[in-house]
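Listed below are the residues making up each chain.
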Amino acid sequence: MNNHIPSSADLVIRPASFNDILYIQKIAAETWPVAYKEILNKDQLEYMLSLFYSASSLEQQLKENHRFFLAVKNAQPVGFASFSHEGSDLYKLQKIYVVPAAKGTGIGKALLETIETIAKSMGGKYLQLNVNRKNNAKRFL
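Residues numbered from 1 in each chain as written. Predicted model: local features only at pLDDT ≥ 70, side-chain atom pairs only at ≥ 80, totals over all residues. Heavy atoms only, no water.

Colleague: Go over helix 4 (residues 107-121) with me, naming the residues and quoting the values.
Modeller: With 15 residues, helix 4 extends 21 Å between its outermost C-alpha atoms, agreeing within 8% with the 21 Å of an ideal straight helix rising 1.5 Å per residue. Buried within helix 4 are the following residues: Ile 107, Gly 108, Ala 110, Leu 111, Leu 112, Thr 114, Ile 115, Ile 118 and Ala 119. Looking at the packing, one finds that the buried side of helix 4 touches strand 1 (11-15), strand 2 (66-73), strand 3 (76-87), strand 4 (90-98) and strand 5 (126-128). Once helix 4 finishes, Gly 123 follows within two positions and takes phi at roughly 95°, a positive value. (Helix = DSSP H or I, 4+ residues; strand = E, 2+ residues; numbered from the N terminus. Expected span 1.5 Å × (residues − 1). Buried < 20%, exposed > 50% of the residue type's maximum accessible area, 1.4 Å probe, protein only. Contact = heavy atoms within 4.5 Å.)

Colleague: Got a sec to walk through unusual backbone geometry? Specific residues and values, please.
Modeller: The backbone phi angle of Asn 74 is positive, close to 50°, even though this residue is not glycine. Tracing the backbone shows Asn 74 in the loop between strand 2 and strand 3. A positive phi angle, near 50°, is found at Ser 88, a position not held by glycine. Relative to the helices and strands, Ser 88 is located in the loop between strand 3 and strand 4.

Colleague: Describe the nonpolar core, with residues and values.
Modeller: With 36 residues, the main nonpolar core has Trp 32, Tyr 53, Phe 80, Ile 107 and Leu 111 as its most contacted residues. A per-element tally of this core places helix 4 first, with 7 residues. In contact with Phe 80, other than residues within four places in its own chain, are Ile 24, Ile 27, Ala 28, Tyr 53, Phe 68, Phe 69, Leu 70, Lys 95, Ile 96, Tyr 97 and Leu 111. (Core = buried A, V, L, I, M, F, W, Y, C linked by side-chain atoms within 4.5 Å.)

Rendered as C-alpha cells:
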C-alpha cells in the first residue's frame, strides 16, 4: 500500500495511527479557527472541535472505518485527511486540512491524490465529499 503514497524529499504522506492523535488534534486546532471563522462562532467552534477531535472521538474513528493519513513536511506534521468506505464502490472523504502556513503548497492536493489512489486500489469508483455551502474550501475541489 505504501507504494501508492506520494512523497518527495521534504513531503511524506503516510498512514496515521493512534500515536498520531496529538498531531491530528494540533492541526485541527490550528486550521479550524481559520477555516470556519465565517461559519461558526467561538462556542460552536470549540464544541465541534471537542466533538470530532477529542482523543476518544479520534480513537473511535480509527477503530471504525476511518483511515487517516498525515502529511509531514520537513519532519513536521502539516496536514491530514481521512476517508471511509461507505459501501460497494463508494468512499467518502471525511476530512482534509492543511495548516494555514502551508496552504497553496500542494499538500492538500497530495493528500487528496493519496486518498483517491488508495480508494481506487480498494475498488472505489466514487469519492464523495460534503462541504458546507459557506465554506471557502469548496473551491479547492
